[in-house]
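# Residue-level structure breakdown
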Amino acid sequence: MLKKYAVFSGRAQRAEYWYFVLFNCLAIIGLVIIDSITGSFDDDAGIGLLSGLYYLGVLLPSLAVTVRRLHDTGRSGWWMLIALLPFLGGLILLFFTVQDSQPGGNQYGLNPKGVS
């Protein structure tokens, strides 16, 4: 999962991106449960010690895999900033990440599916 920890170049297929998202969601749910059991979860902040450390640890790989996913659809990684727009930006980014790969090669590399 973290083989490409901070690799922002290249392309990431939908499966690579969504398995990364799935694993992180499951890990965070588990860590929040552990934080709650151990008493290290802060209700006011909405985060615990272990889940907070995990968030920090996967921040860079999350950005990297999202940029590579945008590259796979033929978009610059700068499109990730659209998520800063309230509500609509997140939906647009979601739409970009669920799209199929751009066929063949593009300016970011060859199609990771290996299909021309």
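Cut-offs applied
- Residues numbered from 1 in each chain as written.
- Predicted model: local features only at pLDDT ≥ 70, side-chain atom pairs only at ≥ 80, totals over all residues.
- Heavy atoms only, no water.
- Helix = DSSP H or I, 4+ residues; strand = E, 2+ residues; numbered from the N terminus.
- Contact = heavy atoms within 4.5 Å.
- Areas by Shrake-Rupley, 256 points an atom, 1.4 Å probe, with all protein chains shown as cover.
- Lys, Arg positive; Asp, Glu negative; His and termini not counted.
- Charge placed at Lys NZ, Arg CZ, Asp CG, Glu CD.
- Phe/Tyr/Trp six-rings, centres within 6.5 Å; stacked < 30°, edge-to-face > 60°.
- Lys NZ or Arg CZ within 6 Å of the ring centre and 35° of its normal.
- Polar contact = N/O pair within 3.5 Å; in protein donor to acceptor, adjacent residues only side chain to side chain.
- pLDDT = per-residue confidence, 0-100.
- Expected span 1.5 Å × (residues − 1).
- Bend = angle between axes of the 7 residues up to and from the residue.
- Core = buried A, V, L, I, M, F, W, Y, C linked by side-chain atoms within 4.5 Å.
- Buried < 20%, exposed > 50% of the residue type's maximum accessible area, 1.4 Å probe, protein only.

## Notes on the overall build of the protein
Secondary structure assignment for the protein yields 3 helices and 2 strands. Listing every helix and strand of the protein by position from the N terminus yields α-β-β-α-α. Principal-axis analysis of the C-alpha atoms places the extent of the protein at approximately 55 × 30 × 20 Å. Excluding contacts between residues fewer than 6 apart, the proportion of contacts in the protein whose partners are at least 24 apart in sequence is 62%. Just so you have it, the protein exposes about 7,200 Å², and 71% of that area is on carbon and sulfur atoms. Charge separation in the protein, taken as the distance between the mean sites of 8 positive and 7 negative side-chain charges, equals 20 Å.

## Focus: the packing of aromatic side chains
Scanning the model with the defined rule gives 3 aromatic pairs in all. Aromatic pair Tyr-17 and Trp-18: ring centres 4.9 Å apart, planes at 85°, arrangement edge-to-face. Grouping aromatic residues by their ring pairs yields a cluster made of Trp-79, Phe-95 and Phe-96. Against the face of Phe-96 rests Arg-75, its NZ or CZ located 3.7 Å from the ring centre.

## Description of the side chain of Ser-101
On the secondary structure map, Ser-101 appears in the segment after α3 (88–98). A polar contact is formed between the side chain of Ser-101 and the side chain of Asp-72, at a distance of 2.4 Å. Ignoring any residue separated from it by four or fewer positions in sequence, one finds Ser-101 in contact with Arg-11, Arg-69, Asp-72, Asn-111 and Lys-113.

## Let's talk about the confidence of the model for the protein
Caution applies to low-pLDDT parts of the model: their predicted coordinates are not meant to be read in detail. Per-residue pLDDT for the protein averages 91, and the proportion of residues at 70 or more is 97%. Within the protein, α3 carries the highest mean pLDDT (96), whereas strand β1 (residues 41–42) carries the lowest (87).

## Looking at the side chain of Thr-66
Tracing the backbone through its elements, the reader meets Thr-66 in helix α2 (residues 49–72). What Thr-66 contacts, discounting residues up to four positions off in sequence, is Tyr-17 and Met-80.

## Quick word on α2
One turn of the α-helix equals 3.6 residues, which is why residues spaced by three or four share an orientation. An ideal rise of 1.5 Å per residue puts 34 Å on 24 residues; α2 measures up with 35 Å between its terminal C-alpha atoms. The largest bend along α2 reaches roughly 40° and is located at Val-58, with the proline Pro-61 sitting one to four residues downstream. Once α2 ends, the next one or two residues include Gly-74, with phi positive near 85°.

## A few points about the nonpolar core
One broad rule of soluble globular proteins: the nonpolar side chains tend to lie buried together. Val-67, Leu-70, Met-80, Ile-82, Leu-93 and Phe-96 together form the largest nonpolar core, which totals 6 residues. Listing elements by their share of this core, those giving two or more residues are α2 and α3. Not counting chain neighbours up to four residues away, the residues in contact with Leu-70 comprise Arg-75, Ser-76, Gly-77, Trp-79, Met-80, Leu-93 and Phe-96. Listed in part, the 5 residues of the second largest apolar core include Ala-27, Ile-28, Leu-31 and Val-58.

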